[in-house]
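So the chains spell out like this:
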Amino acid sequence: MNGVSNTARILLRDDLRDFAGYRSARSEALQGSVWLNANESPSASPGDADGRLRRYPDPQPPALRDALAALYGLAPAQVLATRGSDEGIDLLLRAFCVPGRGAIVIAPPVFGMYAVCARLHGARVVEVPARDAGDGWRCDLAAMADAALRQHANLVFVCNPGNPTGEAIADADIALLAERLRGRALVVVDAAYAEFAGHDASAALLAAHENIVVLRTLSKAHALAGARIGCVLAASELVGMLQRCQAPYPLAQPAVQAALAALAPDAVARTRTSVARVRGERERLLGELQSAPGVRRAYPSQGNFLLLRFDDAQAAFDALLAAGVVVRDMRATPGLADALRISIGTPEQNQRVLASLAVARQAA
Ligand SMILES: *Cc1c(COP(=O)(O)O)cnc(C)c1O
């Protein structure tokens with residue numbers, strides 16, 4: 001599973017084949033006790049009591065890579081730590097899409113960063129809309145494969161669980177997609193919410209398919225959105241390709257410290273408990289909302305949020321806001337003109353959501 005990705009080798013931008021990236025002072029494997037090779041200050045910053053911030057950080061701290069690899073059941077060489085998984089999306093676009101010519105496939109409604117990064121990079125966005133089946137959303141992975149082949153797309157983004165749809169996509173369907181695109185396109189599985197699905201196929205998918213790349217993040221289940229730490233999981237050769245496209249010192253030292261603390265065994269155990277609590281609250285809230293008047297539809301979700309359609313989404317949004325509850329207004333998204341997305345909070349916060357929606361119904 002630590003092998004070579006032929007698809008990545010075929011698809012890497014031609015103009016980047018001999019690109020080594022920036023050689024930072026930290027990338028030279030030298031030994032010494034007096035470091036005068038990076039123009040760092042000889043004295044610590046006044047606010048930096050222990051002098052930890054004086055030096056440039058390690059581009060890929062081995063302890064962080066080891067901890068992430070252990071967390072996801074992979075080898076350290078299969079992990080590229082990034083500034084959130086958002087950076088992973090950007091790096092994939094840069095490495096595999098020639099500006100002005102490359103293309104990606106997405107299944108809207110879906111996380112907006114795929115299209116944003118594509119646009120900034122001058123890559124075409126091919127949309128294969130997901131279908132609202134009433135009891136949930138379905139991506140058409142066969143149609144996505146067709147579109148990718150027809151349009152010569154380089155990357156196919158599969159958000160699983162889906163944001164904002166909450167959809168869980170079957171591993172077998174992702175496997176089939178990867179088979180059809182082998183040698184032709186990379187399948188990027190964005191598993192930002194995998195913890196909340198209670199099912200993590202990252203390692204198995206990577207082991208079986210050389211053209212699959214997985215994005216993970218510490219922002220959601222691990223409660224570290226402010227630290228901006230995520231990672232790309234892929235064959236080691238592909239990890240190397242992406243690292244050459246990355247900034248020289250992408251990870252701020254305090255962020256790395258926060259991530260290491262969150263990945264200590266006792267912290268991971270506590271995270272599991274809080275994820276289980278969120279999952280329980282998600283199901284409780286879903287049950288309440290599915291039978292609530294004024295709620296046109298409450299979709300099942302494998303994430304830490306619910307997507308809801310309302311008879312009067314404005315009234316619901318206003319009632320929540322009047323109670324101090326800020327939710328994500330989805331109404332500008334095609335096909336979601338009556339929808340809001342609500343993150344799962346603490347039990348008390350979720351009660352407040354239910355109470356304010358009941359008020360909205362009485363007013364209507
Ligand atoms: C939140 C989110 C991300 C971004 O995560 P960061 O690691 O904070 O950049 C990526 N993908 C999806 C689907 C998300 O919802």
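Residues numbered from 1 in each chain as written. Predicted model: local features only at pLDDT ≥ 70, side-chain atom pairs only at ≥ 80, totals over all residues. Heavy atoms only, no water.

Draft legend 1. Inspection of the domain arrangement of the chain at higher detail. Domain annotation for the chain reports domain 1 (6–263) and domain 2 (267–363). Measuring from the centre of the C-alpha atoms in domain 1 to the corresponding centre in domain 2 gives 29 Å. Residue-level contacts link 24 residues of domain 1 with 21 residues of domain 2. Interface area, domain 1 with domain 2, both sides summed: about 1800 Å², of which 62% is carbon and sulfur. Counting every contact that joins domain 1 to domain 2 gives two salt bridges. Between Arg297 and Asp132 there is a salt bridge; the shortest N-O distance is 3.0 Å. (Domains from an automatic or database assignment. Contact = heavy atoms within 4.5 Å. Buried area = accessible area lost by both parts, 1.4 Å probe. Salt bridge = Lys/Arg side-chain N within 4 Å of Asp/Glu carboxyl O.)

Draft legend 2. Highlighting the packing of aromatic side chains. Scanning all chains against the criterion turns up six aromatic pairs. Where Tyr193 meets Phe196, the ring centres are 6.5 Å apart and the plane angle is 45°; that geometry is what we call tilted. When its relative accessible area of 6% is taken as the criterion, Tyr193 is described as buried. For Phe196, a relative accessible area of 3% puts it in the buried group. (Phe/Tyr/Trp six-rings, centres within 6.5 Å; stacked < 30°, edge-to-face > 60°. Buried < 20%, exposed > 50% of the residue type's maximum accessible area, 1.4 Å probe, protein only.)

Draft legend 3. View of the pattern of salt bridges. Under the defined criterion, the tally for this structure stands at 23 salt bridges. Among the ionic pairs, Arg83 bridges to Glu87, the shortest N-O distance being 2.6 Å. Residue Asp146 is joined to Arg180 by a salt bridge in which the shortest nitrogen-to-oxygen separation is 2.7 Å. Remark: Arg180 occurs in helix H6 (residues 171–181) and Asp146 occurs in helix H5 (residues 141–150); sequence separation between them is 34 residues. A relative accessible area of 38% places Arg180 in the partly exposed class. Counted as one network, the salt bridges with shared partners bring together Asp132, Arg296, Arg297, Arg309, Asp311 and Asp338. (Helix = DSSP H or I, 4+ residues; strand = E, 2+ residues; numbered from the N terminus.)

Draft legend 4. The arrangement of the pairing of strand S6 (residues 155–159) in detail. Counting buried positions along S6 gives five out of five residues, so the element sits mostly inside the fold. Neither face of S6 is exposed, since Leu155, Phe157 and Cys159 on one face and Val156 and Val158 on the opposite face are all buried. Across five bridges, S6 lies against strand S7 (residues 186–190) in parallel orientation. Following the sheet pairing, Leu155 is matched in S7 by Leu186. Read as a crossover between parallel neighbours, the route from S6 over H6 to S7 is right-handed. (Pairing = 2+ DSSP bridges. Right-handed = clockwise from strand over helix to strand, strands pointing away.)

Draft legend 5. Seen up close, the sheet that holds strand S12 (residues 328–329). Spatial strand order, S10-S11-S13-S12: four strands in an open sheet with antiparallel pairing. With partners counted over all chains shown, the strands left at the sheet margins are strand S10 (295–298) and S12, one partner each. As paired strands, S12 and strand S13 (residues 339–343) are joined by two bridges and run antiparallel to one another. Of the residues in S13, the one forming a bridge with Arg328 is Arg341. On the sheet, helix H11 (residues 265–290) packs against S10 and strand S11 (305–310) and is oriented at approximately 10° with respect to S11. Strands S11, S12 and S13 of the sheet are contacted by helix H12 (residues 313–322), whose axis makes an angle of about 30° with S13. (Axes fitted to C-alpha atoms, helices over the stretch in contact; angles between N-to-C directions.)

Draft legend 6. Geometry of the side chain of Thr7. Its place among the elements puts Thr7 in helix H1 (residues 6–11). On the accessibility criterion, Thr7 (0% relative accessible area) is buried. Dropping the residues within four chain positions of it, Thr7 is found in contact with Leu181, Arg182, Gly183, Arg184, Ala185, Leu186, Glu210 and Asn211.

Draft legend 7. Structural detail: empty space enclosed by the protein. Summed over the entire model, instances satisfying the criterion amount to one cavity of 30 Å³ or more. Of the voids in this model, the largest cavity is the one considered here, and its volume is about 90 Å³. Taken together, 15 residues line the largest cavity, and the ones lying closest to its centre are Ala107, Val110, Cys139, Cys159 and Glu167. It is S6 that provides the largest number of residues to the lining of the largest cavity, a total of three residues. Residues that form the lining of the largest cavity fall into these classes: eleven nonpolar, three polar and one charged. (1 Å grid on protein atoms, 1.4 Å probe; cavity = no way out; pocket = protein on both sides within 12 Å on 5 of 7 lines; lining within 4 Å. Points joined across faces, edges and corners; volume = space filled by probe spheres on them. Nonpolar A, V, L, I, M, F, W, Y, C, P; charged D, E, K, R; others polar.)

Draft legend 8. Up close: the site of the ligand. If you check the shell around the ligand, you find 13 residues, and the closest are Ser85, Asp190, Thr217, Ser219 and Lys220. In the model, an oxygen atom of the ligand is placed 2.5 Å from a nitrogen or oxygen of the Thr217 side chain. Between an oxygen atom of the ligand and a side-chain N or O atom of Arg228, the distance comes to 2.7 Å. The leading source of residues in the shell around the ligand is helix H3 (residues 84–96), at three residues. When the residues that make up the shell around the ligand are grouped by side-chain class, the tally is four nonpolar, five polar and four charged. (Near = heavy atom within 4 Å. Polar contact = N/O pair within 3.5 Å; in protein donor to acceptor, adjacent residues only side chain to side chain.)

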